[in-house]
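A structural walkthrough
Spelled out, the chains give:
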Amino acid sequence: MEQPEDMASLSEFDSLAGSIPATKVEITVSLCVMYTQGMENKQWREFGRTEVIDNTLNPDFVRKFIVDYFFEEKQNLRFDLYDVDSKSPDLSKHDFLGQAFCTLGEIVGSPGSRLEKPLTIGAFSLNSRTGKPMPAVSNGGVPGKKCGTIILSAEELSNCRDVATMQFCANKLDKKDFFGKSDPFLVFYRSNEDGTFTICHKTEVMKNTLNPVWQTFSIPVRALCNGDYDRTIKVEVYDWDRDGSHDFIGEFTTSYRELARGQSQFNIYEVVNPKKKMKKKKYVNSGTVTLLSFAVESECTFLDYIKGGTQINFTVAIDFTASNGNPSQSTSLHYMSPYQLNAYALALTAVGEIIQHYDSDKMFPALGFGAKLPPDGRVSHEFPLNGNQENPSCCGIDGILEAYHRSLRTVQLYGPTNFAPVVTHVARNAAAVQDGSQYSVLLIITDGVISDMAQTKEAIVNAAKLPMSIIIVGVGQAEFDAMVELDGDDVRISSRGKLAERDIVQFVPFRDYVDRTGNHVLSMARLARDVLAEIPDQLVSYMKAQGIRPRPPPAAPTHSPTQSPARTPPASPLHTHI
């Protein structure tokens, strides 16, 4: 499943719904946060956010939402718009501008798959009988007050997996700034089936020059032209202004087929300002834009690497600090009830039962941290649950659970809550094999506030350049603000001024997945889906950064009906292919 940098994505197959999407559509919206609604509990869950554009009341955003479209399902969507006042990812810190409700089918079924909805201030709830949103006063809002319009459009995506990489320069652009030259940037649009245009890329701004050379950029071909090589691509050239009122310099059109010719006389474009052309008889152009380079390659997916033999090495680390409570008491998070699994065991099982199928030997290292160990009572933040310092691996998920329960009977819960040792432990193993054949996933299950934040951030920043990802599940009722900081979805984590090369951490609080009806199967399936959703893209981002291509899938063994299948030599590893 591809997830380009400027796109948010849902999985192709929903294990809870048990159905395959009819197709995949791309939703274009103005500045907002998009929510989807769960089929079972009707709760709204944040799906993605557009980027922020400064100083405008009519934003046109590059980032799109990629969602699976099920013809047979009512897929409720909610769009909340905000005026962003700071860099904080906390939406309560920004001014709420309004919201709109619709279904995905409503967008797809509108003329040209383009839907306009009025934005209304106030919270909404769904009418239990009709299922339609009903306004209610919230945060001082006026129910039903209109405050603008949101335009939503949907387009079916092609299956094209090619990614185009290109670079442009310009020459003798119009001077727009009074005290300087111009600060030009390019905006790319693809044409839609109804003749309108959708923005798909913006270059960076080149300051104070009429002859800019922009940086090389990559864009999925389906975002540029949806796989239609002859579809018109419009490029507008602007002079950047701090107040957001960018000055239009001119425009030109091309197509993917033209761009694919590469650097040539066919890819030198006159930048034309239509208004100037109409007013001035001697007007020629407002400069030229030249394609300097063009290359295309097929984008590799998570499944390409798995089919090529990449193994996922799963390691679990469990919090044995005293804040969990005495394991012999029913109030403890580590309490072993004869009737049901505790939160630690539930989280471990939910994640492990899915990820285990991508590791052929099913041997998983299991570590503990924050406990006093027998016989001398030394505190350890990196001890094997099976007691074997040389080989902490357990056989399957059942083996991890058995070692976990055995450790609870032998160690003393203590503290503090240090993550850095187990992160460094897995990072050492990941660093040993960086050829793309192995990828490590560390699951940390914890109940408390982290004690070694600075050391953990440094360990994560160092690990971000390695083939590994980290999942953190917070159990209990503690505040997990620090965990949100480690999860670099909104602000990339850094340490000592060094920024992490990739976002490799995913955090979720276990309490958000506790089903009050007692349906642990559904709630744990949702937990596993959410914590594992980013792993495929994190794996692909590592491989791409290192220039590692998937290995070709092994050929299926061939043998005649009279022959027995050839045995695999002991020296050849057996791989699981999904």
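This report concerns the structure included in the present document.

Criteria and thresholds
- Residues numbered from 1 in each chain as written.
- Predicted model: local features only at pLDDT ≥ 70, side-chain atom pairs only at ≥ 80, totals over all residues.
- Heavy atoms only, no water.
- Helix = DSSP H or I, 4+ residues; strand = E, 2+ residues; numbered from the N terminus.
- Buried < 20%, exposed > 50% of the residue type's maximum accessible area, 1.4 Å probe, protein only.
- Contact = heavy atoms within 4.5 Å.
- Areas by Shrake-Rupley, 256 points an atom, 1.4 Å probe, with all protein chains shown as cover.
- Pairing = 2+ DSSP bridges.
- Core = buried A, V, L, I, M, F, W, Y, C linked by side-chain atoms within 4.5 Å.
- 1 Å grid on protein atoms, 1.4 Å probe; cavity = no way out; pocket = protein on both sides within 12 Å on 5 of 7 lines; lining within 4 Å.
- Points joined across faces, edges and corners; volume = space filled by probe spheres on them.
- Nonpolar A, V, L, I, M, F, W, Y, C, P; charged D, E, K, R; others polar.
- Salt bridge = Lys/Arg side-chain N within 4 Å of Asp/Glu carboxyl O.
- Axes fitted to C-alpha atoms, helices over the stretch in contact; angles between N-to-C directions.
- Expected span 1.5 Å × (residues − 1).
- Phe/Tyr/Trp six-rings, centres within 6.5 Å; stacked < 30°, edge-to-face > 60°.

A short note on the overall build of the protein chain
Within the protein chain, the regular secondary structure consists of 12 helices and 31 strands. Counting the 578 residues in the protein chain, one finds 49% classified as buried. Here the analysis covers contacts within the protein chain between residues at least 6 apart in sequence; of these, 70% occur between residues at least 24 apart. For the protein chain, the computed accessible surface area is about 28900 Å², with 51% contributed by carbon and sulfur atoms.

Some remarks on the pairing of strand E19 (residues 288-298)
Alignment of strand E12 (residues 162-171) against E19, held across 10 bridges, turns out to be antiparallel. Bridging across to E19, Met166 finds its partner in Phe294. Here strand E18 (residues 268-270) runs beside E19; their pairing, made up of three bridges, is antiparallel. Bridge assignment links Glu270 to a residue of E19, and that residue is Thr288.

Observations concerning helix H9 (residues 453-463)
Taken together, the buried positions of H9 are occupied by Met453, Thr456, Lys457, Ala459, Ile460, Val461 and Ala463. Looking at the buried residues of H9, the elements they touch are helix H8 (420-432), strand E28 (468-474), helix H10 (481-486), strand E29 (494-495), strand E30 (498-499) and strand E31 (505-509).

Regarding the environment of Ala100
Secondary-structure assignment places Ala100 in strand E7 (residues 95-103). Between the alpha carbons of Ala100 and Leu77 there is a distance of 8.5 Å; along the sequence they are 23 residues apart. Sequence-distant contacts of Ala100, defined by excluding residues within four places in its chain, comprise Leu77, Arg78, Phe79, Lys117, Pro118, Leu119 and Ile150.

Looking at the nonpolar core
Counting 54 residues, the largest nonpolar core has Phe314 and Phe320 as the members making the most contacts within it. Considering each element in turn, this core owes the most residues, nine residues, to helix H6 (residues 343-355).

Overview of empty space enclosed by the protein
Summed over the entire model, instances satisfying the criterion amount to two cavities of 30 Å³ or more. For the largest cavity, the full set of lining residues is Tyr305, Gly308, Gly309, Thr310, Asp435, Gly436, Ser437, Ile548, Arg549, Pro550 and Arg551. A per-class count over the lining of the largest cavity returns three nonpolar, five polar and three charged.

A closer look at the pattern of salt bridges
Scanning all chains against the criterion turns up 18 salt bridges. What you see here is one network of salt bridges that share partners, running through Arg45, Arg529 and Asp530.

Concerning the environment of Pro374
With respect to the helices and strands, the residue Pro374 is situated in the loop between strand E22 (371-373) and strand E23 (378-380). According to the relative accessible area criterion, Pro374 is exposed, its value standing at 52%. Along the sequence, Pro374 and Val411 sit 37 residues apart, while their C-alpha atoms lie 6.5 Å from each other. Pro374 has contacts with Thr410 and Val411, leaving out every residue within four places of it along the chain.

Side note on the sheet that holds E19
Within the open sheet, the four strands sit side by side as E15-E12-E19-E18. Their pairing is antiparallel. Sheet topology places strand E15 (217-220) and E18 at the edges, where each strand pairs with a single neighbour. Taking the axes of each pair of neighbouring strands and ignoring which way they run, one obtains an average angle of 35° across the sheet. As paired strands, E12 and E15 are joined by four bridges and run antiparallel to one another. Within the sheet, the bridge partner assigned to Ala164 lies in E15 and is Ile219.

Things to note about H8
With 13 residues, H8 ought to run about 18 Å at 1.5 Å a step, and its terminal C-alpha atoms sit 18 Å apart, in line with that. All of the buried residues in H8 are Ala420, Val422, Val423, His425, Val426, Ala427 and Ala430. On the buried face of H8, the contacting elements are strand E20 (311-319), strand E21 (363-369), strand E27 (438-446), H9 and E28.

Some words on the packing of aromatic side chains
All told, the structure shown has 19 aromatic pairs when counted by the stated rule. Pairing Tyr238 with Phe248 gives two aromatic rings, centres 5.6 Å apart and planes at 65°, and the pair type is edge-to-face. Of this pair, Tyr238 sits in strand E16 (residues 232-239) while Phe248 is found in strand E17 (residues 247-255), placing the two residues 10 residues apart along the sequence. With a relative accessible area of 17%, Tyr238 lands in the buried category. Each residue in the set Phe320, Tyr344, Phe383 and Tyr404 is aromatic and connected to the rest through ring pairs, giving one cluster.

Quick word on unusual backbone geometry
With an omega dihedral of 0°, the bond running from Pro374 to Pro375 counts as a cis peptide bond. Along the chain, Pro375 turns up in the loop between E22 and E23. Residue Pro416 follows Gly415 across a cis peptide bond; omega there is -5°. The residue Pro416 is located in the loop between strand E26 (412-413) and H8 in this model. Positive phi, normally seen in glycine, also occurs at Asn226, with a value near 55°.

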